[in-house]
Amino acid sequence: MPALKNSRHEAMAFGLAAGKAIWAAYVAAGFNGKAHSAASVVAKRPDVQKRMQELIAAEHRKEVQSSERAIEQASIDKGWVVQRAKYIVELGIRGGAPLLGKDGKPTGAFSGKPNLNAAVKSLALLASMGGFIIQRHELGQPGDFSRLTDEELDAKMIEVGEAIGISGPALQKAIAGR
């Protein structure tokens, strides 16, 4: 969708996509800051909502591409992250690196105190990477989907999924599997 014809509506969509509160986006877009109810009316306009979702999806795609380039340049892969996260869990639980005796063998003592905070954070990372933690994100306004038929809901899922970069076949498979 190209930029909205009304420049203030476009600015409002940008503000909302950037995470501004409705009132702050309304004022920043150049609207008269006297009527609070008017801000909500503009924010709920279908064209403003659709443009806001497109801007959020575009920003998400940029972030994903940037992260992929950075990971590729640093030669980081999942195996590398898992290996290091496991090491941090172990260090955090036991309290640092093992101390070695004069003969070069571990003495059974460790170089520091346990850091359970680091261990828990690393375990959370590993759980997330392993698919044990499901992250949900709500798109749209509360109640947007409650009045849709199953067919309308399927079409909306495909539209929103494609807007955030999920392939059509993957979406079809997900819909068929529920």
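One can find the structure itself at the top, above this paragraph.
Residues numbered from 1 in each chain as written. Predicted model: local features only at pLDDT ≥ 70, side-chain atom pairs only at ≥ 80, totals over all residues. Heavy atoms only, no water.

1. As for the overall build of the chain
A tally of helices and strands in the chain yields 8 helices and 2 strands. What you see in the chain, going N to C, is helices and strands ordered as α-α-α-α-α-β-β-α-α-α. With respect to the three principal axes, the spread of C-alpha positions in the chain is 75 × 45 × 35 Å. Every one of the 178 residues in the chain was classed for burial, and the buried ones make up 20%. For the chain, restricting intrachain contacts to residue pairs at least 6 apart in sequence, the fraction spanning at least 24 positions comes to 42%. With the model as given, the accessible surface of the chain reaches about 12,700 Å², and the carbon-plus-sulfur share is 58%. In the chain, which carries 24 positive and 18 negative side-chain charges, the distance between the mean positions of the two groups comes to 8 Å. (Helix = DSSP H or I, 4+ residues; strand = E, 2+ residues; numbered from the N terminus. Buried < 20%, exposed > 50% of the residue type's maximum accessible area, 1.4 Å probe, protein only. Contact = heavy atoms within 4.5 Å. Areas by Shrake-Rupley, 256 points an atom, 1.4 Å probe, with all protein chains shown as cover. Lys, Arg positive; Asp, Glu negative; His and termini not counted. Charge placed at Lys NZ, Arg CZ, Asp CG, Glu CD.)

2. So, the nonpolar core
One finds Met12, Ala13, Leu16, Tyr26, Phe31, Val42 and Val48 to be the most contacted residues of the largest nonpolar core, which totals 14 residues. Elements supplying a minimum of two residues to this core: α1 (7-17), α2 (22-28), α3 (36-43) and α4 (46-74). For Val42, the residues in contact, after removing those within four places along its chain, are His9, Met12, Tyr26, Phe31 and Val48. (Core = buried A, V, L, I, M, F, W, Y, C linked by side-chain atoms within 4.5 Å.)

3. Regarding the environment of Lys156
Relative to the helices and strands, Lys156 is located in helix α7 (residues 150-163). A relative accessible area of 25% means that Lys156 is categorised as partly exposed. A sequence separation of 73 residues divides Lys156 from Gln83, and the C-alpha atoms of the two residues are 40 Å apart. Once you skip the residues sitting within four places of it in the chain, Lys156 turns out to touch Phe145 and Leu148.

4. Quick notes on the pairing of strand β2 (residues 106-110)
Of the strand pairs in this sheet, strand β1 (residues 98-100) and β2 are connected by 2 bridges, and their pairing is antiparallel. Looking across to β2, one finds that Leu100 is bridged to Pro106. Linking two consecutive strands that pair antiparallel, namely β1 and β2, is a turn of 5 residues; a positive phi of about 85° is found at Gly104 within it. (Pairing = 2+ DSSP bridges.)

5. Some details on the side chain of Glu10
Looking at where Glu10 falls in the secondary structure, it is placed in helix α1. When near neighbours in sequence (up to four residues on either side) are disregarded, Glu10 contacts Ala3, Leu4 and Arg51.

6. Here's the deal with the pattern of salt bridges
Applying the stated rule across the entire model yields 4 salt bridges. For Glu10, the salt bridge is made with Arg51, and the minimal N-O distance between the two is 2.8 Å. Of this pair, Glu10 sits in helix α1 while Arg51 sits in helix α4, and the two are 41 residues apart along the sequence. The pair Glu10 / Arg51 is uniform in exposure class, with both members buried. A salt bridge links Glu54 to Arg51; its shortest N-O distance comes to 3.7 Å. (Salt bridge = Lys/Arg side-chain N within 4 Å of Asp/Glu carboxyl O.)

7. With respect to the environment of Ile166
Summarising the element assignment, Ile166 is placed in the loop between α7 and α8 (168-176). Residues Ile166 and Pro106, spaced 60 residues apart in sequence, show a C-alpha to C-alpha distance of 50 Å.

8. Regarding the packing of α7 against α8
The N-to-C vectors of α7 and α8 enclose an angle of 145°; their axes lie 10 Å apart at closest approach. In this structure, α7 crosses over α8, and the sense of that crossing is right-handed. Facing Asp154, Met157, Ile158, Gly161 and Glu162 of α7, the residues of α8 in contact are Gly168, Leu171, Gln172 and Ile175. Taken together, the residues that form the contact of α7 with α8 break down as 4 nonpolar, 3 polar and 2 charged. (Axes fitted to C-alpha atoms, helices over the stretch in contact; angles between N-to-C directions. Left-handed = near helix turned anticlockwise from the far one by under 90°. Nonpolar A, V, L, I, M, F, W, Y, C, P; charged D, E, K, R; others polar.)

Purely geometric stuff here, so don't read any function into it on its own.
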